[in-house]
Amino acid sequence: MHENKLKEKQVLAGKRIVVTGVASGIGAQTAKVLKAKGAFVIGLDRNDASASVDSFIQVDLTSKASVDNAVASITGNIDGLCNIAGLPPTADRKLVMAVNLVALRYFTESMIARLNDGASIVNVASLAGFGWAQAIETINEATASLDFDNIEKFCIKHKISNERSYFFSKEWLRVWTMQNRWTWRDKGIRMNTVSPGPVDTPILKDFIETLGERAEEDMKVMDRPGNPRDIAPIIAFLCSDESAWIRGSDIAADGGMSSHIQQNMHGF
């Protein structure tokens, strides 16, 4: 019933939307919801997902040349960009920072000229980005100087371990999105983040491996881990004209976990 209602309301009819990380998890479900709402979906991933999107482009987000090739392969103007691709904290820090931070920014900035007036950019951050306020100086340095060639040097300088790289990349994404809420306002382009808590995707086991008892306790507080079906409709809403006045905002899609953390922090 719910899925049929989504299909009936074609709020994205005529829109062309790019989705990274489209082969699995939140990216795959987002493509499904976007198509159900009438969008033409261009999917990007390192793994083949050509059967589930209208157009597919293979990309390696650890490679600047591959990102450039992907941008050049995208035809026509674009109404929405969903940056969903990401690596978990069990991956090497250089790869995590390349995919979750450097490539995301580079790809987004490379696409700006291709975005239509009024386009929407949706970045999938994380509950892991909750502590961004304590990392502002390092975040600003990353924005100013970090690129594909100096990731390892940056991580050494700032003592960013494999585990920390994931958290830092999501903290950075929260801040970068807020900082650029009006950067492209002359074209009416808006940008927001969605921050899931633990979600039952192929990389959930990586978070449990990294965080151990903390992840298990978080999921108990939330009643259950999230599901891509909990997250994808929010991303689709942020791509639609119905969300045009939401800019530079973060939507916590975490079963109340961020509110739980704030209540414990502030004692109310």
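Heads up: the structure comes first, above all this text.
## What about the pattern of salt bridges?
Overall, the coordinates contain seven salt bridges when judged by the stated rule. For Lys-15, the salt bridge identified is with Asp-241, shortest N-O distance 3.2 Å. Here Lys-15, found in the loop between α1 (2-8) and β1 (16-20), pairs with Asp-241, found in the loop between α10 (228-239) and β7 (250-253); they are 226 residues apart in sequence, far enough to count as distant. Look at Lys-15 and you get buried, because its relative accessible area is 13%. With a shortest N-O distance of 3.6 Å, Arg-174 and Asp-250 are connected by a salt bridge. With a gap of 76 residues between them, Arg-174 in helix α7 (residues 162-179) and Asp-250 in strand β7 connect regions that are remote in the sequence. Since its relative accessible area comes to 15%, Arg-174 is described here as buried.

## So, the packing of helix α5 (residues 136-145) against α7
Their axes nearest at 10 Å, the elements α5 and α7 cross at an angle of 75 degrees. As summarised for this structure, α5 and α7 are arranged roughly perpendicular, according to the angle between their axes. Counted together, Ile-136, Thr-138, Ile-139, Asn-140, Ala-142 and Thr-143 of α5 and Phe-168, Glu-171, Trp-172, Val-175, Trp-176 and Gln-179 of α7 form the full contact between these two elements.

## Concerning the state of the cysteines
Within the structure shown, the criterion is met by zero disulfides. Cys-239 provides the cysteine sulfur closest to Cys-82, a residue in no disulfide bond, and the two sulfurs are 3.4 Å apart.

## Here's the deal with the sheet that holds strand β6 (residues 190-196)
Across the sheet, which stays open at both edges, the seven strands sit in the order β3-β2-β1-β4-β5-β6-β7 with parallel pairing between neighbours. Looking at which strands have only one partner, the edges of the open sheet turn out to be β3 (55-58) and β7. Taking each pair of neighbouring strands and ignoring which way they run, the sheet shows an average axis angle of 20 degrees. In terms of strand pairing, β1 meets strand β2 (residues 40-45) through five bridges, oriented parallel. Looking at the pairing, Val-19 lines up with Gly-43 of β2.

So, how was this worked out
Residues numbered from 1 in each chain as written. Predicted model: local features only at pLDDT ≥ 70, side-chain atom pairs only at ≥ 80, totals over all residues. Heavy atoms only, no water. Salt bridge = Lys/Arg side-chain N within 4 Å of Asp/Glu carboxyl O. Helix = DSSP H or I, 4+ residues; strand = E, 2+ residues; numbered from the N terminus. Buried < 20%, exposed > 50% of the residue type's maximum accessible area, 1.4 Å probe, protein only. Axes fitted to C-alpha atoms, helices over the stretch in contact; angles between N-to-C directions. Parallel < 35°, antiparallel > 145°, perpendicular 65-115°, else oblique. Contact = heavy atoms within 4.5 Å. Disulfide = S-S within 2.5 Å. Pairing = 2+ DSSP bridges.

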